[in-house]
Amino acid sequence: MEYKELYKLAEGMLEKAYAPYSKFQVGAALLTKEGEVFTGVNVENASYGATICAERTAFVKAISEGHRDFTAIAIASSGGEAYPCGICRQFMFEFSDDLDIITSKDGENLNITNIKDLLLHGFRL
Ligand code: THU
């Protein structure tokens with residue numbers, strides 16, 4: 001799948017985000033090595049710390065369906081370009097040390113980085 005298409009799937013998820021507190025909607029689309037896509041949104045909670053980010057929602061959906069190998073994740077937000085938070089970087093690193101991270105400032109031109117560059121010395125037991 002083209003990364004542009006993956007990004008558009010992430011963007012299409014924004015309306016499903018549950019973000020009544022921050023009003024900052026995030027959508028993610030995670031591509032498996034087999035070419036399957038799992039989407040996710042941020043799901044906030046009145047107890048703010050219980051909030052789950054869009055990236056982790058997508059990962060949890062994929063992993064709980066038996067997928068373990070991923071090539072890329074696209075992230076879109078209602079507030080412009082958004083890179084994954086620190087918790088999500090470590091969470092994603094657990095499953096891939098070579099994951100492309102696709103973001104965009106304008107929804108047209110993609111910025112492609114890699115978890116290798118976003119998380120230095122990620123933690124492993
Ligand atoms: N958020 C994500 O979904 N992904 C990130 O990588 C950064 C933050 C969400 C969490 C919260 O619902 C909202 O954005 C504002 O922090």
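Residues numbered from 1 in each chain as written. Predicted model: local features only at pLDDT ≥ 70, side-chain atom pairs only at ≥ 80, totals over all residues. Heavy atoms only, no water.

Participant: Talk me through the overall build of the protein chain; I want residue IDs and the actual numbers.
Facilitator: Along its length, the protein chain carries four helices and five strands. Mapped from its N terminus to its C terminus, the protein chain presents α and β elements in the order α-β-β-α-β-α-β-β-α. A globule of 125 residues ought to have a C-alpha radius of gyration of about 14 Å, and the protein chain, at 13 Å, matches this closely. Seen along its three principal axes, the alpha-carbon backbone of the protein chain occupies a region of about 35 × 35 × 30 Å. Across the 125 residues in the protein chain, those meeting the buried criterion constitute 42%. Look at the contacts in the protein chain between residues 6 or more apart in sequence, and 60% of them connect residues 24 or more apart. With the model as given, the accessible surface of the protein chain reaches about 6800 Å², and the carbon-plus-sulfur share is 53%. Computed over 12 positive and 18 negative side-chain charges, the separation of the two mean positions in the protein chain equals 4 Å. (Helix = DSSP H or I, 4+ residues; strand = E, 2+ residues; numbered from the N terminus. Rg over C-alpha atoms; globule rule 2.2 N^0.38 Å. Buried < 20%, exposed > 50% of the residue type's maximum accessible area, 1.4 Å probe, protein only. Contact = heavy atoms within 4.5 Å. Areas by Shrake-Rupley, 256 points an atom, 1.4 Å probe, with all protein chains shown as cover. Lys, Arg positive; Asp, Glu negative; His and termini not counted. Charge placed at Lys NZ, Arg CZ, Asp CG, Glu CD.)

Participant: Go over the side chain of Thr-57, please, and point to the residues and values.
Facilitator: You can see Thr-57 is positioned in helix 2 (residues 54-64). With a relative accessible area of 15%, Thr-57 lands in the buried category. Polar contacts involving the side chain of Thr-57 include one to the main-chain carbonyl oxygen of Cys-53, which spans 3.0 Å. Setting aside residues up to four positions removed in sequence, Thr-57 forms contacts with Gly-40, Val-41 and Ile-52. (Polar contact = N/O pair within 3.5 Å; in protein donor to acceptor, adjacent residues only side chain to side chain.)

Participant: I'd like a description of the site of the ligand, backed by residues and values.
Facilitator: The full set of residues close to the ligand is Ser-22, Phe-24, Val-26, Asn-42, Glu-44, Thr-51, Cys-53, Ala-54, Glu-55, Tyr-83, Pro-84 and Cys-85. Here an oxygen atom of the ligand and a backbone polar atom of Ala-54 are 3.0 Å apart. Within the side chain of Glu-55, one N or O atom sits 2.7 Å away from an oxygen atom of the ligand. Summarising the interface, the protein chains cover 77% of the accessible area of the ligand, which totals 370 Å² for the free molecule. Among the cavities detected, the one that contains the ligand is the largest pocket. The residue makeup of the shell around the ligand, split by class, is seven nonpolar, three polar and two charged. (Near = heavy atom within 4 Å. 1 Å grid on protein atoms, 1.4 Å probe; cavity = no way out; pocket = protein on both sides within 12 Å on 5 of 7 lines; lining within 4 Å. Sits in = over half its atoms within 2 Å of the grid points. Nonpolar A, V, L, I, M, F, W, Y, C, P; charged D, E, K, R; others polar.)

Participant: Please provide a residue-by-residue account of the nonpolar core, values included.
Facilitator: Leu-30, Phe-59, Ile-73, Met-92, Leu-99 and Ile-101 are the most contacted members of the largest nonpolar core, which totals 18 residues. Elements supplying a minimum of two residues to this core: strand 1 (26-32), helix 2, strand 3 (70-77), helix 3 (86-93) and helix 4 (115-118). By residue number, the principal contributor to this core is helix 2, which donates four residues. Counting nine residues, the second largest nonpolar core, distinct from the first, contains Leu-6, Tyr-7, Ala-72 and Ile-102. (Core = buried A, V, L, I, M, F, W, Y, C linked by side-chain atoms within 4.5 Å.)

Participant: Can you explain the layout of surface pockets? Please cite residues and give values.
Facilitator: The calculated volume of the largest pocket comes to roughly 190 Å³. Along its surface, the largest pocket is lined by 15 residues, and Phe-24, Val-26, Asn-42, Cys-53 and Glu-55 are the ones closest to its centre. (Points joined across faces, edges and corners; volume = space filled by probe spheres on them.)

Participant: I'd like a description of the pairing of strand 3, backed by residues and values.
Facilitator: With seven of eight residues buried, strand 3 is to be regarded as a mostly interior element. Here strand 3 pairs with strand 4 (residues 100-104) via three bridges, running parallel. The partner of Ile-73 across the bridge, within strand 4, is Ile-101. Handedness of the crossover joining strand 3 and strand 4 through helix 3 is recorded here as right-handed. (Pairing = 2+ DSSP bridges. Right-handed = clockwise from strand over helix to strand, strands pointing away.)

Treat this as a map of the structure, not an account of what it does.
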